[in-house]
Amino acid sequence: MKTITQSNTKTLLISLFLAGALHTSAQAEGTQENTQTAVSQPTGPQTLVTINGQDITDLEALAFNALQGGQNRLDSQQAQVQLLNQLVNTTLLAQQAKKTGVDKLPQVVAALKMADIQVLAEAQVNTFLGQSPVTDEEIKAAYDKKYTAESLQEYKVRHILVQEEKQAKEIVDALAKGEDFTKLAKEHSVDSSKDAGGELGWIGRSQVVKPFGDALADLEKGKHSTTPVQTQFGWHVIEVVDIRTQEPPPLEQVKDQLKLQIRQQKLAQMVTELRKSADIKVEGAQQVPAATAAEKPEDPASQK
C-alpha cells in the first residue's frame, strides 16, 4: 500500500463538481463555492460525496485509490472522476452486502479481518521506515562492506565432481602424473559441466557453496586442489585457470539499491524483535518436511 497523502485533494474536489458526475449542475454550483473555501483553509478531511447517508471524505478516496494499487494516477480530471465513480459503485455494493447479510458470511468476516490486519501492518511499516530513515553514512558503510577486495575477486574455474572420495583422490593422482584436466572431467565428472571439460567460467566466492569458495581462495592461478573438496553435492577436484579483480561500481550507481537493502534489513530486524517478544502458538499446522536429496540443485557448485 502506498503512503496516503492529501496532495491531490484540491483537484479531486474541483474535478468532482466540474464533471457533474454525482450532482446536478445546480447542486454543483452551490457546493463548489463552499469547496473552494474549504480547500483554501483545510481543517481536516473534507466530505466529497454522501451515499445513502454515508459520508466519503477526500482522505478515504485517496486511501481507496491506494488499496487499488494506486492504479489511478489522479493527474487528470478524467482519472479523478473515474476514481470517485469507482468509489461510489464500490460503496453501494458494500452497503448492499450489509443489507443482504453477506458481511456475516464466515469467509467474508475472515477476509475483512485480514484486510484490517494488512492495512495496519503496512501503515506500521510506513511509519517505522519514516522514523528510521537511511543515512548517507549507513549507505557508505554498506557499500564498503559489499565491495571488498575479496568480493571483487573472480576466478575462472574448472572442476571435476564425483561421488566418492577415493575416486577424487585417484583423479588428483592422475593430474599429478600429467593427465589432462579437461579429459578427466569429461570422463569422470557427474556435473552438468562435464561436456565443457568442467568449465564453470568466471565466478566469485559468494556464488558457490562455502567449502568450494574457501578452496578457491587457497589456490593460485594455474593450480588445482591436491586434496578433494567435499560439499553436500559430492567430492570436487578444482582448478583455478585465472584470477582477476573487478572494479567496484560508483557509489551513486548503486546507492538506491543499497538504500533499499538497508531499509529491508531494518524492517526485518524490527519484525524479529516483535517475534521474540510475542506469545505465538502454532496450532493445527503441519511441519514442512526437510528437503530430500532428490530436491537438491542440479549444478553442485553454483548458487547463482
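Residues numbered from 1 in each chain as written. Predicted model: local features only at pLDDT ≥ 70, side-chain atom pairs only at ≥ 80, totals over all residues. Heavy atoms only, no water.

Caption draft 1: Geometry of the overall build of the protein. Along the protein, the regular secondary structure elements total 11 helices and 6 strands. Within the protein, the proportion of its 304 residues that are buried is 31%. A separation threshold of at least 6 residues defines the contact pool for the protein, and within that pool the share at least 24 residues apart is 67%. Total accessible area on the protein stands at roughly 19600 Å², and carbon and sulfur atoms take up 51% of it. (Helix = DSSP H or I, 4+ residues; strand = E, 2+ residues; numbered from the N terminus. Buried < 20%, exposed > 50% of the residue type's maximum accessible area, 1.4 Å probe, protein only. Contact = heavy atoms within 4.5 Å. Areas by Shrake-Rupley, 256 points an atom, 1.4 Å probe, with all protein chains shown as cover.)

Caption draft 2: Representation of the packing of aromatic side chains. Counted according to the given criterion, the structure contains 1 aromatic pair. Seen from their ring centres, Y143 and Y147 are 5.1 Å apart, and the 50° between their planes marks the pair as tilted. A cation over an aromatic ring shows up here: R244 above the ring of W202, its NZ or CZ 4.0 Å from the ring centre. (Phe/Tyr/Trp six-rings, centres within 6.5 Å; stacked < 30°, edge-to-face > 60°. Lys NZ or Arg CZ within 6 Å of the ring centre and 35° of its normal.)

Caption draft 3: The sheet that holds strand β3 (residues 153-162), seen in detail. An order of β4-β3-β6-β5 is seen for the 4 strands of this open sheet, with the pairing classed as antiparallel. The open sheet terminates on both sides in strands that have one partner only, identified here as β4 (199-203) and β5 (229-231). Each strand of the sheet is rotated relative to its neighbour by a mean of 40°, with strand direction disregarded. Sheet analysis places β3 next to β4, joined by 4 bridges and oriented antiparallel. Across the sheet, residue Y155 finds its bridge partner in β4, namely I203. Relative to β3, helix α9 (residues 181-188) is tilted by about 45°, and along the sheet it contacts β3 and β6 (234-245). Contacting β3, β4, β5 and β6, helix α10 (residues 210-218) crosses the sheet at an angle of about 155° to β5. (Pairing = 2+ DSSP bridges. Axes fitted to C-alpha atoms, helices over the stretch in contact; angles between N-to-C directions.)

Caption draft 4: Region of interest: the environment of T231. By the element assignment, T231 lies in strand β5. As for T231 and V209, which are separated by 22 residues in sequence, their C-alpha atoms are 7.5 Å apart. Leaving out residues up to four positions away in the same chain, T231 has contacts with V209, P211, F212 and H236.

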